[in-house]
Each structure stands twice: as C-alpha cells, then as structure tokens.
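Okay, here's what each chain looks like letter by letter:
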Amino acid sequence: MESRKTVSLALGSGGARGLAHIGVIEVLRDEGFLIERIAGSSIGACVGGIYCAGKLDVFRDWIVKINKRETFRLMDFTMSTKGVLKGQKVLSHLKTILGEIRIEDFDIAFTAIATDVNSKEEIWMSNGDLYNVIRASSSVPTLMMPSRLGDRILVDGGVLNPLPLEPLMPKRTDLVIAVNINAYADGHQRSRHIVLDDAKHLPHDPSDEETTAYTSRMVNTVKGWLNMSKSEIDETDSTQESTLSYLGMLNKSYDFMQDRMCEQSIEIHKPDIVVNIPRTVGTTLEFYRAGELVEEGRVAARKAIAEWRLKQLVK
C-alpha cells in the first residue's frame, strides 16, 4: 500500500527553524510512512537522533513549553573568541530529561554530519554518545565554540552539507524525503547572478539598516545577559558593536551559502519529496517559538505529501 512506503529522511540545518522537523516527522508517522534511515546536520541531527531514540514526543512536550527567559537561561555564554556559547548547558539539561542515549542502540539507521576544521572534511557520525554527536554537529561558527572529538575539532555540519542527502545514497528505501529549512518564502530559486553595468549604481539593500539595528540590540542584550555594569558598557561599547556587526555579516554570508548548497543538493540528488520550510518562519535562536515552528513543519509536510500523491495519480 502507498501509505506503507519506506522512507530515507534528510533533515537540514538552520537553528530553531529545525524544530519544524518535529512536525514533519509527526505527519510522516501519522500518514503511515516508515522511516528507516535518517541523516541530519545540526538541528537536523538533534531532532533526528532524538526521534531514532524513541524520545521525540518527550522532547516536543518539553520544548514547546519553554519561554524566552528559559531559553536564555539554557545559553551558557562565554567570552571566548571561538564562539559566544559553550553549548553544554542545554545538552546536560536534555540528558536529565531523555536519559543516556547511544546511537548504536537505535533500530533506525542514523548519521549526523559535522565538519572537521583542520582536515576540511565532512565527517559522518553513526555511533557513540548522542549528546556528543549533537554538540559536534551543531557548533555553528561564531555562535558556538567548536567541539573536540578525539583528535578532531568539529563545527556545524551545515558548513559543508546543510541538507545531507549523500549519506542516504544509494537509495535503499521506497522514498527519499528532504526537509529544507532554508527555503525561500515563495518556493522559487533566486537568480544565480546579477550583471551590473555601472558599479556606481549598486542597489541599496534596506536590510542593511535592519542588520545594524539588530546587532545594536544584540549588544545591549548580551550586556544584560552578562550583567555588565554601566562603566563596562561605556568602555566596551564601540568594540562590541564593531565585533557584533562583523559577526552579523559573517552569519548573513553563512546563510546565503547554506541556501545555495541546499538548492544544489536537491538538484543533484533529486529526492522524491522536498518539504520546504521558508527561512522567514524563524531565526536561529527562537527556540521559545517551538509550538509555532512545529506547526510550520506539519503544514509544510502535509502540503508536500499531497503534491507528491497528486503526481502519482497523474503518472
């Protein structure tokens, strides 16, 4: 029967937007699809691994209840130049909720993606402590400090593979489904290049003001998180604003890179179903909007499955 088709599932990177993966998995499960293989980068590795461990419902029930204040409390800030967050506090909290989890105990084949900054290689992780693997796969450059596993220094899997379809090839299930959480709002790809006849007439991007305003707000917010005194604020203001503006530009460039690599991965591997979650539905750290983001995943999954079924009828 169509409803019992087996699935290989690729879950992409994208911070809090990736909570939409929960909604996608729920719809696939409700529709009777059998998920036999999962590959995930960053938040995709987190949600995918927790699902494979049979703990997704527990995780969802916890994450949808946390508010902005609780989200901030789970952020272990550091003044390290390697990242703003240590990234251990939230994983330790998850361990108290979900218990010890090892990947080799899974009944579903699971692969998490990370990037080795020394060898410049994509690393596929399919065994070991799930929390260590999630930490390595989710170490977003400039945001979270790199993770060390053995002799390797690892950062976010999305650096080289934000939508990991390769670990699911060759195809061994009825369907390959990709969940792209870096999609454009209108569902269309952008032009790959723009020709400028006169460099003096460069288009003005109104989002520049938004980026500047955002980084300024981040300066004040980070100072509040760190309980900095007024004298400290006065002394560090210009330096931090410059640094955060620089980091904001790096992160924006990183977003562009991920968008393009997701498009290319889909073009090359041609998954049977692509569930598109627009980048506009949420930002990297909006975990306190979990309920909304999970619902975004449900809506997008139902739409993608309906479109796929319609195509099957036409064939």
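Anyway, here's the lowdown on the structure attached to this text.

What counts, and at which threshold
Residues numbered from 1 in each chain as written. Predicted model: local features only at pLDDT ≥ 70, side-chain atom pairs only at ≥ 80, totals over all residues. Heavy atoms only, no water. Phe/Tyr/Trp six-rings, centres within 6.5 Å; stacked < 30°, edge-to-face > 60°. Helix = DSSP H or I, 4+ residues; strand = E, 2+ residues; numbered from the N terminus. Buried < 20%, exposed > 50% of the residue type's maximum accessible area, 1.4 Å probe, protein only. Contact = heavy atoms within 4.5 Å. Core = buried A, V, L, I, M, F, W, Y, C linked by side-chain atoms within 4.5 Å. Salt bridge = Lys/Arg side-chain N within 4 Å of Asp/Glu carboxyl O. Pairing = 2+ DSSP bridges. Right-handed = clockwise from strand over helix to strand, strands pointing away. Axes fitted to C-alpha atoms, helices over the stretch in contact; angles between N-to-C directions. Parallel < 35°, antiparallel > 145°, perpendicular 65-115°, else oblique. Left-handed = near helix turned anticlockwise from the far one by under 90°. Arc of directions from axis to C-beta.

Points about the packing of aromatic side chains
Reasoning step 1: Here the structure, examined in full by the defined rule, presents three aromatic pairs.
Reasoning step 2: Consider the rings of Phe 59 and Trp 62, whose centres lie 6.0 Å apart with planes at 45 degrees: the pair is tilted. A residue pair is termed a helical-turn pair when its members lie 3 or 4 positions apart in one helix, as Phe 59 and Trp 62 do in helix α3 (residues 56-63) at three residues.
Reasoning step 3: Note on Phe 106 and Phe 110: the rings are 5.9 Å apart at their centroids and 70 degrees apart in plane angle, and the pair reads as edge-to-face. A single burial state applies to Phe 106 and to Phe 110, both of which are buried.

Section: the environment of Ile 63
Reasoning step 1: Relative to the assigned elements, Ile 63 resides in helix α3.
Reasoning step 2: Not counting chain neighbours up to four residues away, the residues in contact with Ile 63 comprise Leu 19, Ile 22, Phe 287 and Ala 290.

Considerations on the nonpolar core
Reasoning step 1: If you look at the biggest cluster of nonpolar residues, it comprises 61 residues, and the most contacted ones within it are Leu 9, Ile 38, Phe 59, Phe 110 and Val 275.
Reasoning step 2: Among the elements that line this core, the one with the most residues is helix α9 (residues 290-314), at eight residues.
Reasoning step 3: Excluding residues that lie within four positions of it along the chain, Phe 59 makes contacts with Leu 19, Ile 22, Ile 50, Leu 94 and Leu 98.
Reasoning step 4: Core analysis: the second largest hydrophobic core is formed by eight residues, Ala 39, Leu 165, Val 176 and Cys 262 among them.

A word on the pattern of salt bridges
Reasoning step 1: Evaluation of the coordinates by the stated rule reveals 15 salt bridges.
Reasoning step 2: A salt bridge links Glu 286 to Arg 289, with the nearest nitrogen and oxygen atoms 2.9 Å apart.
Reasoning step 3: Judged by relative accessible area, which is 18%, Arg 289 ranks as buried.
Reasoning step 4: The partner of Arg 289 in a salt bridge is Glu 292, and the shortest N-O contact between them spans 3.0 Å.
Reasoning step 5: When salt bridges that share partners are traced, they join Glu 26, Arg 29, Asp 57, Arg 60, Asp 61, Glu 295 and Arg 298 into one network.

With respect to the pairing of strand β1 (residues 6-11)
Reasoning step 1: Across the six residues of β1, six count as buried, placing the element largely inside the fold.
Reasoning step 2: Side chains Thr 6, Ser 8 and Ala 10 of β1 all project onto a buried face; the interleaved residues Val 7, Leu 9 and Leu 11 project onto the opposite face, where all are buried too.
Reasoning step 3: Relative to strand β2 (residues 34-41), β1 runs parallel, the two sharing six bridges. In the strand pairing of β2, Leu 9 is matched with Ile 38.
Reasoning step 4: In this view, the connection linking β1 to its parallel neighbour β2 by way of helix α1 (residues 20-30) has right-handed handedness.

Details of the packing of α1 against α9
Reasoning step 1: α9 packs onto α1 with a crossing angle of 45 degrees between their chain directions and a minimal axis gap of 6 Å. Viewed along their axes, α1 and α9 adopt a mutual orientation that is oblique. Crossing angle aside, the handedness with which α1 passes α9 is right-handed. Counted together, Ala 20, Ile 22, Gly 23, Val 24, Glu 26, Val 27 and Leu 28 of α1 and Leu 293, Val 294, Gly 297, Arg 298, Ala 301, Arg 302 and Ile 305 of α9 form the full contact between these two elements.

Description of helix α5 (residues 89-98)
Reasoning step 1: Buried within α5 we find Leu 91, Leu 94 and Leu 98. In a view along the axis of α5, the buried residues occupy a sector of 55 degrees, so they form one face of it.
Reasoning step 2: Gly 99 occupies a position one or two residues after α5 and carries a positive phi of about 85 degrees.

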